[in-house]
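Okay, here's what each chain looks like letter by letter:
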Amino acid sequence: MTLPSTDTDVLIVGAGPVGLTLAFDLGRRGARCIVIEKKAAPEFLPKMERCNARTMEIFRRMGLAGEIRAAGLGRDVPMDVYIALAMNEPPLLRLPYPSVAEAQAQIAACHDGSMPREPYQLVSQYTLEPLLKAAVERLSSVTVRYGHEFLSLSQDADRVTATARNPDGRIDELRAQYLVGCDGGASVVRKQLGIQLRGEGNLLRLHQALYHAPALYDMIPIGDGPGKGRHYHIADAQSTFLIMQDSTKHWTLHAVVDRAEDMTAQFERTIGIPVRYELLYVGEWKQNLLLADRYGTGRVFLAGDAVHLVIPTGGLGMNTGVGDAIDLAWKLDATLRGWGGPNLLPSYEVERRQVGDRNVGASRYASVGRRKWRSQYRPNIRDATPDGQATRDTLVRVANVEQRKTNEMIGAELGYRYVGSPVIWEEPGGPEHLFREYVPTTWPGARLPHVWLDEGRSVHDAIGDGYTLLRLGRSSADTSGVERALHALHAPVDVLTIDAGAARDVYGYDLILVRPDLHVVWRGNTPPGDPAQLARVATGH
Ligand SMILES: Cc1cc2nc3c(=O)[nH]c(=O)nc-3n(C[C@H](O)[C@H](O)[C@H](O)COP(=O)(O)OP(=O)(O)OC[C@H]3O[C@@H](n4cnc5c(N)ncnc54)[C@H](O)[C@@H]3O)c2cc1C
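Got a minute to help me understand the side chain of Thr-320 in this structure?
Tracing the chain through its elements places Thr-320 in helix H9 (residues 318-337). One polar contact links the side chain of Thr-320 to the main-chain carbonyl oxygen of Leu-316, over a distance of 2.4 Å. Once you skip the residues sitting within four places of it in the chain, Thr-320 turns out to touch His-308, Arg-352, Val-355, Gly-356 and Asn-359.

Here's what the structure looks like:
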């Protein structure tokens, strides 16, 4: 039986981190959304645990960064990565990484644009999802419906009609101007559109288990010091990998084992000391490196794992999806408000699919590195013999190069630049995309580097939710042409005059037009020759 229809601006399928981020960004802009999620409630299951620096910049702009940090790992907890034989033995290799507090101090002292406005935050997906759900539910423009399973869709020139099974088992019909499938790797929305995922699927099958071991954090015997860290890779034949979750009381273990029951002995072998614990969950997951052929059709878009599946090495899964969500949110809102032109929504696929492609590549690069050092494992690794020592030495030498690839992805995180986008004023050429290195740039399409205006306040913090024309270096350029041209298209624009020399030095230009998502549209030292054309390009007309 079909129940009465519901109308909304945007119907979002899936309340994972990507669907909820999209709903929040749309909702705070005033767009009406309904989110449908087939689960009855958020689940306490381990998946991602690290919001990268760019994601935290995005959450800062949404006003959520403080809440997320308060819910996540404490700011003084080290993020070191260890390679060991077991946690009760001296580590083979320790790679130190700054805690949030240390990273914040580094950022505070940095004035060359090379660091993000916000450092990473370790927060487990099972903490982040309920937090985002609560944030979304505070917005009157958004409705979140758990226990509603998307089934099918059809679309015409004016709207999308979807069906969903509600908790009573009945079928609802929902009508929306746009639909976004944020329904994860097995996306039904993507399948309904007939869009394929391509690449390398099912590369490795691992078991993952979640343990509650509240005393372990204080007892970690590894190394000379307390040995506290984030990741513990065990140099064994099972690719064993222990991850501390945000409470420091929950831990996840990944390993290639035959049976779920094996995860108990595997945990005890990894810890190596007696500790009280409870096994909360065991499941299987597969490593994939896949990208969708397209990011939507017509009025239906796809975001997050629905269009890109990466190996968690490098932490580019959810983080890439959050980038999708904020690219799409302002474009949907602008189109719904009428100032977004016909090229604006199509630019979503152009901009984000290339990032998905590069991040699948970055993840491959990191996971190949991981495989390289793991391939140095030999059964004699524990032997107190010259051969055993040689195995350990070789593994450490290779790991010291290769493991870093997973943990040092600042270029992939901050340095992505939209190339060939119809809504960016292209300059031919452009810097290379680097996974490991971030070189600040205002090349059109790039994220505007973070530069301090004064203590504790960044240029990012002074940029609002519309377009912003930055006027730097005490330029006396007349910006009224650009302002008039954007206003003529009813697009919101502010002019921000920045006298601080540091920003002009980093940005390299006197005038920079920045979009609502902080990406550069255009730059120059004199006003554009044809401001009306620039405004048309920026808004997708
Ligand atoms: C072990 C592991 C560690 C990871 N670590 C990291 C990390 O540190 N950093 C990182 O960025 N990423 C990491 N990831 C990846 C990250 O978890 C995913 O990229 C992320 O969950 C994707 O978010 P999403 O919202 O796109 O999809 P999902 O989280 O898969 O959410 C999709 C939602 O859609 C719902 N849904 C599906 N079908 C329907 C339907 N028909 N109707 C209604 N609802 C539906 C699902 O129930 C689900 O809630 C990790 C993944 C794994 C497995």
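How should I be thinking about the packing of helix H1 (residues 17-28) against H9 in this particular structure?
Angle between the axes and distance between the axes: these two values describe a pair of packed helices. For the pair H1 and H9, interaxial distance at closest approach is 8 Å and the crossing angle is 30 degrees. For the element pair H1 / H9, the angle class is roughly parallel. Like other packed secondary-structure pairs, H1 and H9 cross with a definite hand, here right-handed. Judged by residue contacts, Pro-17, Val-18, Thr-21, Leu-22, Asp-25 and Leu-26 of H1 engage Met-318, Gly-321, Val-322, Ala-325, Ile-326, Leu-328, Ala-329, Leu-332 and Asp-333 from H9. Considering only residue class, the contact of H1 with H9 consists of eleven nonpolar, two polar and two charged.

Quick question: what am I supposed to make of the packing of aromatic side chains here?
The geometry of an aromatic ring pair comes down to the distance between the two centres and the angle between the two planes. Per the counting criterion, the structure on display carries 14 aromatic pairs. The interplanar angle of 50 degrees and the centroid separation of 5.9 Å between the aromatic rings of Tyr-295 and Tyr-348 together place this pair among those described as tilted. Of this pair, Tyr-295 sits in the loop between strand S15 (278-292) and strand S16 (296-297) while Tyr-348 is found in helix H10 (residues 346-374), placing the two residues 53 residues apart along the sequence. Neither Tyr-295 nor Tyr-348 differs from the other in exposure class; each is buried. Each ring, one from Trp-330 and one from Tyr-467, has its centre 6.0 Å from the other, and the planes form 90 degrees; the classification is edge-to-face. Taken together, the residues span a long stretch of sequence, with Trp-330 in helix H9 and Tyr-467 in strand S21 (residues 467-472) at a distance of 137 residues. Using a relative accessible area of 1% as the deciding quantity, one classes Trp-330 as buried. Residue classification places Tyr-467 among the buried positions, given a relative accessible area of 0%. Following the ring pairs from residue to residue traces out a cluster consisting of Tyr-178, Tyr-295, Phe-301 and Tyr-348.

For this particular structure, what's the right way to read the sheet that holds strand S24 (residues 520-524)?
Picture the strands of a sheet paired through backbone hydrogen bonds; they go either parallel or antiparallel. Read from one edge to the other, the open sheet built from four strands follows the order S22-S21-S23-S24, with strand pairing classed as mixed. Among the strands making up the open sheet, the edge pair consists of strand S22 (493-498) and S24. Pairwise comparison of adjacent strand axes, ignoring direction, gives a mean angle of 15 degrees for this sheet. Judged from the four bridges that link them, strand S23 (residues 511-514) and S24 form a sheet pairing that is antiparallel. The partner of Leu-511 across the bridge, within S24, is Gly-524.

What should I look at first to understand the sheet that holds strand S4 (residues 81-84) in this one?
Taken together, the eight strands give an open sheet; going across it, the order is S5-S4-S12-S13-S14-S11-S15-S18, and neighbouring strands pair in mixed fashion. In this open sheet, the two strands that pair with only one neighbour each are strand S5 (93-95) and strand S18 (308-309). One ladder, built from three bridges, connects strand S12 (residues 231-234) with strand S13 (residues 241-244); its direction is antiparallel. Looking across to S13, one finds that His-233 is bridged to Phe-241.

Just to check I follow, could you spell out the packing of H10 against helix H11 (residues 386-402) for this structure?
At a minimum axis separation of 8 Å, H10 and H11 run at an interaxial angle of 170 degrees. Overall, the two elements H10 and H11 adopt an arrangement that is roughly antiparallel. Within the contact between the two elements, H10 uses Gly-369, Arg-370, Lys-372 and Trp-373 and H11 uses Leu-395, Val-398, Ala-399 and Glu-402. Residue classes in the contact of H10 with H11 are distributed as four nonpolar, one polar and three charged.

Would you explain the nonpolar core in this entry?
The tendency in soluble globular proteins is for nonpolar side chains to be buried side by side. Ile-12, Leu-22, Leu-26, Phe-59, Leu-179, Val-180 and Leu-332 are the most contacted members of the largest nonpolar core, which has 71 residues in total. Here the element with the most residues in this core is H9; it accounts for seven residues. In contact with Leu-332, not counting residues within four places along its chain, are Val-10, Leu-26, Tyr-178, Val-180, Phe-301 and Leu-345. Among the nonpolar cores identified, the runner-up in size contains 40 residues, and Leu-73, Leu-95, Ala-209 and Leu-395 belong to it.

What should I look at first to understand H9 in this one?
Each α-helix turn comprises 3.6 residues. Residues three or four places apart therefore point the same way. Over its 20 residues, H9 runs 28 Å from end to end, which matches the ideal 28 Å to within 8%, given 1.5 Å per residue. For H9, the tally of buried residues reaches 17 of 20 residues, placing the bulk of the element in the interior. After H9 finishes, the residue Gly-338 shows a positive phi value of roughly 100 degrees.

Can you walk me through the environment of Asp-9 in this structure?
Its location among the elements puts Asp-9 in strand S1 (residues 6-13). A relative accessible area of 13% places Asp-9 in the buried class. Sequence separation of Asp-9 and Leu-336 is 327 residues, and the distance between their C-alpha atoms is 7.7 Å. Look past the residues within four positions of Asp-9 in its chain and what remains in contact with it is Ala-31, Arg-32, Ala-176, Gln-177, Tyr-178 and Leu-336. Here Arg-32 takes part through its backbone nitrogen, which lies 3.0 Å from a polar atom of the side chain of Asp-9.

Can you help me understand unusual backbone geometry in this one?
Trans peptide bonds make up the majority, and among non-glycine residues the majority have a negative phi. For Thr-248, which is not a glycine, the phi torsion comes out positive at approximately 65 degrees. Note that Thr-248 resides in the loop between S13 and strand S14 (250-255). Unlike most non-glycine residues, Leu-518 shows phi in positive territory, near 75 degrees. Within the secondary structure, Leu-518 is located in the loop between S23 and S24. Classification of Leu-518 as buried rests on a relative accessible area of 0%.

Looking at this structure, I do not really get the pairing of S13. What am I missing?
Working note: regular strand, side chains alternate between the two faces of the sheet. Of the two faces of S13, the one carrying Phe-241 and Ile-243 and the one carrying Leu-242 and Met-244 are both buried. Here S12 hands over to S13 after six residues, with Ser-239 in that stretch at a positive phi of 55 degrees. Where S13 meets S14, four bridges bridge the pair, whose relative direction is antiparallel. Looking at the pairing, Met-244 lines up with Trp-251 of S14. The hairpin turn running from S13 into S14, its antiparallel successor, is five residues long, and Thr-248 in that turn takes a positive phi close to 65 degrees.

Cut-offs used in this document
Residues numbered from 1 in each chain as written. Predicted model: local features only at pLDDT ≥ 70, side-chain atom pairs only at ≥ 80, totals over all residues. Heavy atoms only, no water. Helix = DSSP H or I, 4+ residues; strand = E, 2+ residues; numbered from the N terminus. Polar contact = N/O pair within 3.5 Å; in protein donor to acceptor, adjacent residues only side chain to side chain. Contact = heavy atoms within 4.5 Å. Axes fitted to C-alpha atoms, helices over the stretch in contact; angles between N-to-C directions. Parallel < 35°, antiparallel > 145°, perpendicular 65-115°, else oblique. Left-handed = near helix turned anticlockwise from the far one by under 90°. Nonpolar A, V, L, I, M, F, W, Y, C, P; charged D, E, K, R; others polar. Phe/Tyr/Trp six-rings, centres within 6.5 Å; stacked < 30°, edge-to-face > 60°. Buried < 20%, exposed > 50% of the residue type's maximum accessible area, 1.4 Å probe, protein only. Pairing = 2+ DSSP bridges. Core = buried A, V, L, I, M, F, W, Y, C linked by side-chain atoms within 4.5 Å. Expected span 1.5 Å × (residues − 1).

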